[in-house]
Amino acid sequence: MVKAPRGYRNRTRRLLRKPVREKGSIPRLSTYLREYRVGDKVAIIINPSFPDWGMPHRRFHGLTGTVVGRRGEAYEVEVYLGRKRKTLFVPPVHLKPLSTAAERRGS
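All of these numbers come straight from a predicted model, not from anything done at the bench.

Criteria and cut-off values
Residues numbered from 1 in each chain as written. Predicted model: local features only at pLDDT ≥ 70, side-chain atom pairs only at ≥ 80, totals over all residues. Heavy atoms only, no water. Helix = DSSP H or I, 4+ residues; strand = E, 2+ residues; numbered from the N terminus. Contact = heavy atoms within 4.5 Å. Areas by Shrake-Rupley, 256 points an atom, 1.4 Å probe, with all protein chains shown as cover. Lys, Arg positive; Asp, Glu negative; His and termini not counted. Charge placed at Lys NZ, Arg CZ, Asp CG, Glu CD. Pairing = 2+ DSSP bridges. Axes fitted to C-alpha atoms, helices over the stretch in contact; angles between N-to-C directions. Buried < 20%, exposed > 50% of the residue type's maximum accessible area, 1.4 Å probe, protein only.

Enquirer: Looking at this structure, how should I read the overall build of the protein?
Expert: Across its full length, the protein carries two helices and five strands. When the elements of the protein are put in sequence order from the N terminus, they spell out α-β-β-β-β-β-α. For the protein, contacts bridging at least 24 residues in sequence account for 54% of all contacts bridging at least 6. Here the protein has roughly 8200 Å² of accessible surface; of this, 51% comes from carbon and sulfur atoms. One way to put it: in the protein the 25 positive side-chain charges average out to a point 12 Å from where the 8 negative ones average out.

Enquirer: Explain the sheet that holds strand β1 (residues 41–44) to me, please; I cannot follow it from the model alone.
Expert: Strand pairing in a sheet takes place through backbone hydrogen bonds and is either antiparallel or parallel in direction. Strand order in this open sheet of five strands is β4-β3-β2-β1-β5, and the pairing throughout is antiparallel. Because the sheet does not close on itself, it has two edges, and the strands there are β4 (84–90) and β5 (95–97). Direction aside, the axes of adjacent strands within the sheet are offset by 45° on average. Two elements, strand β2 (residues 64–71) and strand β3 (residues 74–81), share five bridges in a ladder whose sense is antiparallel.

Enquirer: How should the environment of tyrosine 32 be read in this particular structure?
Expert: Looking at where tyrosine 32 falls in the secondary structure, it is placed in helix α1 (residues 29–33). Since its relative accessible area comes to 23%, tyrosine 32 is described here as partly exposed. Setting aside anything within four residues of it in sequence, one finds tyrosine 32 in contact with Ile26, Pro27, Phe50, Trp53, Pro92 and Val93.

This is the structure in structure tokens:
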């Protein structure tokens, strides 16, 4: 038998699947144009419609990070993986802002 390939999207059939009502759609323009500032908390949610546009590895899907800076169109996001601190360069398509309690209250 031949060994199964271990590619970049290995074992992501369920992880990188869109909900039924979002299939075939592209995200709103505001997703691309959203500005994050240094210190903002963001969630890394991989959008499978954009595999060639700086998609982070699947191990970072769902993690929370802090925006450290900007590099071109992408943002530098600092994430902890166990005890290790990792710096990822993620375009805004794969990021979602985390709302704080103060923002929800309208303060």
